[in-house]
Amino acid sequence: MAENADMAVREAADSTVHVHPIIAGRQATKRILDKFHLRAAKKLGQNFLIDKSVVDGIVRAAGIVPGDRVLEIGPGIGTLTQGLLEAGADVTAVELDKKLPAVLSETLAGYEHFHLVEGDILKTDIRAIMGDGTFKVAANLPYYITTPILLTLLEEKLPISRIVTMVQKEVAERMTAAPGSRIYGALSVAVQYYTEPEVMIDVPPASFIPPPEVDSVVIRCDVREEPPVSVKDEKTFFRVVKAAFGQRRKTLHNALCSVGLTKDLSKEVLLRAGIDPRRRGETLSLEEFALIADNMPS
Ligand code: SAM
């Protein structure tokens, strides 16, 4: 990537010219880390993106238009944030590392539409920080908490229209897996129940400092207006899903006993739903999970 060409020029309303050096590059990232005496913290899942084409790809996949409100999780030194801001987004970013606000106030100085919230995304009241109205989520997620973050975003029924995020390739495969596949599980069902996921970009370890030990992808999840299957009670639906995958090697007949059903009742529920009690959770489609849930005793 030609780093000497990495200068973005932005006209502020008062016609002052702000020149923002582009952060997404190996040399620029190294310079920033050195200047602030920072080392990527492994325990915080810090792998800083250094590939401008990936930043641009995430911004494009998110379909950012000026004025879009975006929640970014883990802005790091501001690499992806800058791409979002340059596209005209209004970005609220939640960062846990206490060393990074000082860095961000320098790397993103002059961007008026950047709001930093210091704290743990899993303990943050997202509704409160995002206020009213729909928003998008964009992130290069810390891999050690990808699943809880995604499940929180989906299950809390926040007014999110689209989630575009970097995840481990293996996690994206689980998110998009079809019934019958070895990797189809509770995450696949939740992601596909709430969204339409699509893998957008393959990202090699060399696109980060330090390079992670795994391959990554950018995945786009468009949040559905309506779930693809209708269920009488969502809580029961997810209770059945959890039971079915919690006992992966067990038949559904046995797995349902783990949610308090007697053997007889478990068999009766499955037969009423038209599902062979000898089947296993990983073979069930969303429709079949819904049928079981709708036949569970209340
Ligand atoms: N967005 C930057 C980039 O693309 O280079 C950094 C991405 S890095 C993979 C993950 C970021 O998430 C780090 O900045 C890390 O400090 C932050 N982080 C880790 N755990 C977090 C948490 N629980 N809440 C908020 N941010 C967190």
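Refer to the structure printed above.
Residues numbered from 1 in each chain as written. Predicted model: local features only at pLDDT ≥ 70, side-chain atom pairs only at ≥ 80, totals over all residues. Heavy atoms only, no water.

The next thing to look at is the pattern of salt bridges. With the rule as written, the count across this model stands at 11 salt bridges. Here the salt bridges share partners, and the residues they tie into one network are Arg162, Glu198, Arg220 and Asp222. (Salt bridge = Lys/Arg side-chain N within 4 Å of Asp/Glu carboxyl O.)

This structure, assessed with the given rule, holds 2 cavities of 30 Å³ or more. Taken as a whole, the largest cavity holds about 350 Å³ of empty space. Contributing to the lining of the largest cavity are 27 residues, with Gly74, Gly76, Glu95, Asn140 and Pro142 lying nearest its centre. Contributing elements (two or more residues each) for the lining of the largest cavity: β3 (48–49), β4 (69–73), α3 (79–86) and β5 (90–95). For the lining of the largest cavity, the per-class residue count stands at 15 nonpolar, 9 polar and 3 charged. Taken together, Gly45, Asn47, Asn140, Leu141, Tyr143, Phe208 and Pro212 make up the full set of residues lining the second largest cavity. Classifying every residue of the lining of the second largest cavity by side-chain character gives 4 nonpolar, 3 polar and no charged. (1 Å grid on protein atoms, 1.4 Å probe; cavity = no way out; pocket = protein on both sides within 12 Å on 5 of 7 lines; lining within 4 Å. Points joined across faces, edges and corners; volume = space filled by probe spheres on them. Helix = DSSP H or I, 4+ residues; strand = E, 2+ residues; numbered from the N terminus. Nonpolar A, V, L, I, M, F, W, Y, C, P; charged D, E, K, R; others polar.)

The next thing to look at is the site of the ligand. Close to the ligand lie 24 residues, the nearest being Leu49, Gly74, Glu95, Asn140 and Tyr144. Gly74 places a main-chain nitrogen or oxygen 2.8 Å from a nitrogen atom of the ligand. A distance of 3.4 Å is found between a nitrogen atom of the ligand and a backbone nitrogen or oxygen belonging to Leu96. Look at the ligand: alone it shows 590 Å² of surface, and the protein chains cover 99% of it. With respect to the detected pockets, the ligand is housed in the largest cavity. Counting only elements with at least two residues in the shell around the ligand, the list comes to β3 and β5. Residues that form the shell around the ligand fall into these classes: 12 nonpolar, 8 polar and 4 charged. (Near = heavy atom within 4 Å. Polar contact = N/O pair within 3.5 Å; in protein donor to acceptor, adjacent residues only side chain to side chain. Areas by Shrake-Rupley, 256 points an atom, 1.4 Å probe, with all protein chains shown as cover. Sits in = over half its atoms within 2 Å of the grid points.)

To continue, consider the sheet that holds strand β11 (residues 216–223). On the basis of which strands lie adjacent, the open sheet formed by 7 strands has the order β6-β5-β4-β7-β8-β11-β9 and mixed pairing. Here the strands that pair on one side only, and so sit at the sheet edges, are β6 (114–118) and β9 (195–203). Shown here is a sheet whose adjacent strand axes are inclined to one another by a mean of 20 degrees, direction ignored. Of the pairings in the sheet, the one linking β4 to strand β7 (residues 135–140) comprises 4 bridges and is parallel in character. Each bridged residue has a counterpart across the sheet, and for Glu72 the counterpart in β7 is Ala138. (Pairing = 2+ DSSP bridges. Axes fitted to C-alpha atoms, helices over the stretch in contact; angles between N-to-C directions.)

Our next topic: the pairing of β11. Where burial is concerned, most of β11 is hidden: 6 out of the 8 residues are buried. In terms of strand pairing, strand β8 (residues 160–168) meets β11 through 7 bridges, oriented antiparallel. Its bridge partner lying in β11, Met166 is registered against Val218. (Buried < 20%, exposed > 50% of the residue type's maximum accessible area, 1.4 Å probe, protein only.)

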